Amino acid sequence: MKREWHPDPEPIETNDSKAVLVGIALWVVALAVLLVFRPAPQDTWWIWTCVAGVGLGLLGLGYVRRRASRG
């Protein structure tokens, strides 16, 4: 059976900066929770994972904003 061809849908307009900011906010909340309820000494890498998530999110935010300004 031959499938009928359909044109590709138009891309959806999204607010990429807002999506990245939500991700950063979630990492910050996780970091705050871990700083309040200290994990066991062998699990302190969780804190550094949150710090890396915030840092990479900030780099991503810069990239998204620079890309959006170029048009």
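Residues numbered from 1 in each chain as written. Predicted model: local features only at pLDDT ≥ 70, side-chain atom pairs only at ≥ 80, totals over all residues. Heavy atoms only, no water.

Asker: How would you explain the overall build of the protein if you had to name every residue and give the values?
Answerer: Looking only at helices and strands, one finds two helices and zero strands in the protein. For a compact globule of 71 residues, the expected C-alpha radius of gyration is about 11 Å, and the protein comes in at 19 Å, more than 25% above that figure. With respect to the three principal axes, the spread of C-alpha positions in the protein is 60 × 40 × 15 Å. Evaluated residue by residue, the protein yields a buried proportion of 17% over its 71 residues. Restricting the contact set of the protein to residue pairs at least 6 apart, pairs at least 24 apart contribute 58%. Between the averaged position of the 8 positive side-chain charges in the protein and that of its 6 negative side-chain charges there is a distance of 9 Å. (Helix = DSSP H or I, 4+ residues; strand = E, 2+ residues; numbered from the N terminus. Rg over C-alpha atoms; globule rule 2.2 N^0.38 Å. Buried < 20%, exposed > 50% of the residue type's maximum accessible area, 1.4 Å probe, protein only. Contact = heavy atoms within 4.5 Å. Lys, Arg positive; Asp, Glu negative; His and termini not counted. Charge placed at Lys NZ, Arg CZ, Asp CG, Glu CD.)

Asker: Pulling in residues and values, what's your account of the pattern of salt bridges?
Answerer: The tally for this structure, following the rule as stated, stands at one salt bridge. With a shortest N-O distance of 2.6 Å, D16 and R67 are connected by a salt bridge. Taken together, the residues span a long stretch of sequence, with D16 in helix α1 (residues 16-36) and R67 in helix α2 (residues 45-70) at a distance of 51 residues. (Salt bridge = Lys/Arg side-chain N within 4 Å of Asp/Glu carboxyl O.)

Asker: So what's going on with α1? Which residues, and what values?
Answerer: Taking 1.5 Å as the rise per residue, α1 with 21 residues should run 30 Å; its terminal C-alpha atoms sit 31 Å apart, in good agreement. Taken together, the buried positions of α1 are S17, I24, L31 and L34. All buried residues of α1 project into a common sector of 110° when viewed along the axis, lining one side. Seen from the open side of α1, the exposed residues pointing more than 90 degrees away from its buried face are K18, A19, L26, V29 and V36. (Expected span 1.5 Å × (residues − 1). Arc of directions from axis to C-beta.)

Asker: Pulling in residues and values, what's your account of the environment of V51?
Answerer: Note that V51 resides in helix α2. For V51, a relative accessible area of 36% puts it in the partly exposed group. A C-alpha to C-alpha distance of 15 Å links V51 and V20, two positions 31 residues apart in sequence.

Asker: Please set out the packing of α1 against α2 residue by residue, giving values where relevant.
Answerer: Interhelical geometry of α1 versus α2 gives an angle of 165° and a closest axis separation of 9 Å. Taken together, α1 and α2 sit at an angle that is classed as roughly antiparallel. Both α1 and α2 take part in a crossing whose hand is left-handed. Class assignment for the residues of the contact of α1 with α2 results in 17 nonpolar, five polar and three charged. (Axes fitted to C-alpha atoms, helices over the stretch in contact; angles between N-to-C directions. Parallel < 35°, antiparallel > 145°, perpendicular 65-115°, else oblique. Left-handed = near helix turned anticlockwise from the far one by under 90°. Nonpolar A, V, L, I, M, F, W, Y, C, P; charged D, E, K, R; others polar.)

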